[in-house]
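# Remarks on the overall topology
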Amino acid sequence: MEQKEARNIPLALELKGITKTFGTIKANYNVDLELKHGEILALLGENGSGKTTLMNMVAGIYYPDEGQIFVDGEEVVIRSPKDAFDHKIGMIHQHFKLVDLFSAAENVVLGVKDGKKFNISEVNERVQKIADRYGFIIDPKEKVHEMSVSQKQTVEILKVLYRGADILILDEPTAVLTPQETAKLFAVLRKMKEDGKSIIIITHKLHEVLSISDRVAVLRKGEYIGTVNTSESTESSLTEMMVGKKITLNIDRSEPHDVVERLSVSGLSGLNAEGLKVLDNVSFTAYGGEILGIAGIAGSGQRELLEAIAGIYSPESGEILYNDPKGGAQVNLRKKTPLQIRELGVRLSFVPEDRLGMGLVGSMDITDNIMLRSYRSGFVLLNRSDPKKLAEEIVNDLEVATPHLNTPVRRLSGGNVQKVLVGREIASAPSLLMAAYPVRGLDINSSYAIYNLLNEQKERGVAVILVGEDLDVLLALCDRILVINSGRVTGILDGRTATKEEVGFLMTKSDRVENTDPEGGAA
Amino acid sequence: MNVLEFLLSALAIGVTFLYGSTGEIITEKAGHLNLGIPGIMGIGAACGCAVLNAMMPLNADAAPFLPPWLIVVLALLATLAGGAIMGLLYSFLAVTLRSNQNVTGLAMTIFGTGLTKFIFASLEKDGVTYVRAKYYFRFPFNNTTSALQYCGVMVFLGIAIAIISSVILTRTKVGLHLRAVGESPATADAAGINVTRYKYIATIIGSAIAGLGGLFYIMDYAGSNEAYLTIEALGWLSVALVIFSLWRPYLSIIGSFIFGTLFIVGAYLPTLFGLKIDVATSNLVKTLPYVVTIIVLVITSIRNRRENQPPASLGVSYFREDR
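Okay, the overall build of chain A next. Across its full length, chain A carries 17 helices and 20 strands. Taken over C-alpha atoms, the radius of gyration comes to 25 Å for chain A, in line with the 24 Å a tight globule of 523 residues would show. Taken along the three principal axes of its C-alpha coordinates, chain A extends 75 × 50 × 45 Å. In chain A, of all internal contacts separated by at least 6 residues, the share reaching a separation of at least 24 is 68%.

Moving on to the sheet that holds strand β11 (residues 260-271) of chain A. All names here are of chain A. Here four strands make up an open sheet; going across it, the order is β12-β11-β14-β15 and the pairing antiparallel. Among the strands making up the open sheet, the edge pair consists of β12 (277-288) and β15 (330-332). For this sheet, the mean angle separating the axes of adjacent strands, direction not counted, is 15°. The pairing of β11 with β12 spans eight bridges and is classified as antiparallel. Note that in β12 the partner of Val265 across the bridge is Phe284. Each of β11, β12 and β14 (317-323) is contacted by helix α9 (residues 302-310), which is oriented at about 60° to β12, the strand it contacts most.

Residue and element names in this part refer to chain A. Tracing the chain through its elements places Arg496 in the loop between β20 (488-494) and α17 (500-508). Linking Arg496 and Lys326, residues 170 residues apart in sequence, is a C-alpha distance of 30 Å. Discounting residues that sit within four places of it in the chain, Arg496 has contacts with Arg253, Ser254, Glu255, Pro256, Lys458 and Asp479. A distance of 3.2 Å separates the side chain of Arg496 from the side chain of Glu255, its partner in a polar contact.

A word on a nonpolar patch on the surface. Residues and elements named next belong to chain B. Together, Trp69, Val73, Leu77 and Leu80 make up an exposed nonpolar region whose accessible area comes to about 380 Å². Mapped onto the elements of the fold, Leu77 is located in helix α3 (residues 68-96). For Leu77, a relative accessible area of 48% gives the class partly exposed.

The subject of this paragraph is the nonpolar core. Phe137, Ile218 and Met219 of chain B are the most contacted members of the largest nonpolar core, which has 75 residues in total. For Phe137 of chain B, the residues in contact, after removing those within four places along its chain, are Leu52, Val72, Ala75, Leu76, Gly152, Val153, Met154, Leu215, Met219 and Asp220 of chain B. In terms of nonpolar packing, the next biggest core, distinct from the first, is built from 57 residues, Leu110, Tyr134 and Leu238 of chain A together with Tyr318 of chain B among them.

What follows covers the pairing of strand β2 (residues 25-35) of chain A. In regular strands, side chains alternate between the two faces of the sheet. All names here are of chain A. With seven bridges joining them, strand β1 (residues 13-22) and β2 adopt antiparallel strand pairing. Within the sheet, the bridge partner assigned to Ile18 lies in β2 and is Val31. Linking β1 to β2, which pair antiparallel, is a turn of two residues; within it Gly23 sits at a positive phi near 65°.

Bringing the side chain of Glu307 of chain A into the picture now. Residues and elements named next belong to chain A. On the secondary structure map, Glu307 appears in helix α9. The class of Glu307 is buried, set by a relative accessible area of 11%. Once residues lying within four places of it in the same chain are set aside, the contact partners of Glu307 are Ile312, Tyr313, Phe350 and Met358.

Next up on the list: the sheet that holds strand β17 (residues 432-436) of chain A. All names here are of chain A. If you trace the six strands from one edge of the open sheet to the other, you get β16-β17-β18-β13-β19-β20, paired in mixed fashion. Each edge of the sheet is formed by a strand with only one pairing partner; in this case those strands are β16 (348-351) and β20. Ignoring strand direction, the axes of neighbouring strands in this sheet form an average angle of 15°. Relative to β17, β16 runs parallel, the two sharing four bridges. In the sheet register, Ser349 faces β17, and the bridge partner there is Leu433. Packed onto the sheet, helix α15 (residues 444-459) meets β13 (291-295), β17 and β18 (463-467) and runs at close to 150° relative to β18. Its contacts with the sheet put α17 on β13, β19 (480-485) and β20, and the angle it makes with β19 is roughly 30°.

Turning next to the interface of chain A and chain B. Facing the 21 residues of chain A at the interface are 18 residues of chain B. Buried area between chain A and chain B, both sides added, is near 1,800 Å², and the carbon and sulfur share of it is 64%. Taken as a group, Lys97, Leu101 and Phe118 of chain A account for 30% of the area that chain A buries against chain B, more than any other trio of residues on that side. At the junction of chain A with chain B, the criterion picks out three salt bridges.

Basis of the calculations
- Residues numbered from 1 in each chain as written.
- Chains lettered and ligands numbered in written order.
- Predicted model: local features only at pLDDT ≥ 70, side-chain atom pairs only at ≥ 80, totals over all residues.
- Heavy atoms only, no water.
- Helix = DSSP H or I, 4+ residues; strand = E, 2+ residues; numbered from the N terminus.
- Rg over C-alpha atoms; globule rule 2.2 N^0.38 Å.
- Contact = heavy atoms within 4.5 Å.
- Pairing = 2+ DSSP bridges.
- Axes fitted to C-alpha atoms, helices over the stretch in contact; angles between N-to-C directions.
- Polar contact = N/O pair within 3.5 Å; in protein donor to acceptor, adjacent residues only side chain to side chain.
- Patch = residues over 30% accessible without salt bridge, like charges linked within 9 Å, V, L, I, M, F, W, Y side chains within 5 Å.
- Areas by Shrake-Rupley, 256 points an atom, 1.4 Å probe, with all protein chains shown as cover.
- Salt bridge = Lys/Arg side-chain N within 4 Å of Asp/Glu carboxyl O.
- Buried < 20%, exposed > 50% of the residue type's maximum accessible area, 1.4 Å probe, protein only.
- Core = buried A, V, L, I, M, F, W, Y, C linked by side-chain atoms within 4.5 Å.
- Buried area = accessible area lost by both parts, 1.4 Å probe.

Structure follows, in structure tokens:
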């Protein structure tokens, strides 16, 4: 390491003044980044801080609006993944791009134009050789669909190495791994580093940053904050860089009144499709007349939690008790379908994060989408006039910009789609309203319109559960904030007194440090 | 003797399905369900016969202007061209314009069978001129009167094409790339494979091969230009054969023989087994290939082995992710 950092050795990769905008959103603004030869650089930042976008520009997925990229001290233009490979840059994306039906080796060799005659047994040998060199455990002949997630990730890494990459970018590689698999991956990364490869690892898990990286670069809301040596940082110093100072937002927050217990969740645990634990003994209570915020790194179990309450996701164990505001009767919602839940008289509204996937039907107009909630009423012929009236009300009250009531909702902008969805859910006069990232992708005015709607519901005595990603908003809007971290509740804070650092720390802190110890399982 | 004749006939009619299914498998491996195969087979036959119609002298006793082998080759080329043009049309609609594959395919069949009937009806010469041409196609068995006569050069060609396709699909890089396009076009795209080009070329080649099936049926098996009305039904059987052979051209060779056997067994029941059946029953027996296809579908669905499923992105248009 020491010799390699001697003078005159150019940087492996250098970014200068990179800016990228999508529509009105600045994903990256004037970002600088330096990667030395033979180091592991952690790229740290919250969700939406622009880490992946920045790296996608290095990997040729996007092209920067402004700025320069240097590889080995020379300016380069990267317009496609192929260009990136030509400069020996390879990225392992979070969502694997593999052909399930092919073997590991077939996936590795796919698209490689090396002029060699195609002979699968030779490819198998070459792949095995690379795997042995870095300590990957893999059978080149095994089909991808028979592999575990971590094996699939290995195939992705081998793909990049097979193409001769010297700079490897890994986008949240540990998000899908168990602690043991993470330890193995880190051992491999260290071997690659010894071999002279330069590695960027995108993550928001602080303990991993501290355990694997040499230096840490931090992004916040698309801007470059700085780079520090890992040996000189602590979890709290990194958290501070990551979340920044509190920004005061002009959102009204009234004191909750007439608070009653509405929903009580206890001991909820469940697995995802890959068999990993996504919810781990989650317990909390939501009250009518308050907004409960849920903060956490994306994929920490927020989605499953809301879907479990809505009857879409079936957890392994636990209770979801709902108190009827009228009769006071208590019903258990676990293992009930959405229809059963509605038939029980539970007035539950759910604004899912996937608006056009789960919330609305993109090719239908506003009225038809509203009828999705009321299609069971009416005899023989559907009642279309009431939903139409409601559609007009929503369009007028929420100022939905649409050419016509009959315009398919997918033709509306993100903010207007969200208004239609929230408007429909609120119109059913819920007693429990759940909203996941309701302002994602919305401009300031639309966002405030949504905040006001949530506040109105709270005033009416509705129990509001809001999953959010902007901590400033959660701290300004919510009465209480539940922090979820790897499927576990790490704290429930008072929204009026909690600080950003507290929430940020609870979101990223780990109690698994012992498992990613360098020596633990590196063999 | 009857048994041998039966088996040879089954082999020969099966080759019609083999051409169609080999072509369709190549297309489907690129992720395109081309339901236009019946129409494409018809157009292939029509183009080939149009060339024959121009080459063969009207007078049955006059010698043709060209040597027989050249006439056969020219007819084959015309058939390949006709199929390829249909494939190009399908590709333009389904790949470039991303229209719905099912709708596009069915439209190709409706258009293709209609145009086939039109072409055959407008070919001026009577069937006599084709009689001599059919013997060219039955080389090297053109002088026999047994069922061996059906097993001319195009039977071998069909089996050879199926074997070559199988080898290309499973053993070469081109095949690997093609299968990647059909399984996961996004992955193939990210790996630097030109997805659109592969889809176009696979569909065009597949359609050209399927077209040969139509010509083989008219000139070789049926030996009559009036048989064109049957081609559509044979085309649908070819599509069923793709499912039956689990998207593998080499299995398609065996499958085509089984389909051929089941398709003609009704006609041989009286002579082979001494069973007297009426026409209706005989036609009912012809549905057996579909029945076995359904059985195969049920079995593969129950066993649910990933390898026996259709290509994962079959029927899905590919949009590159843009933001």
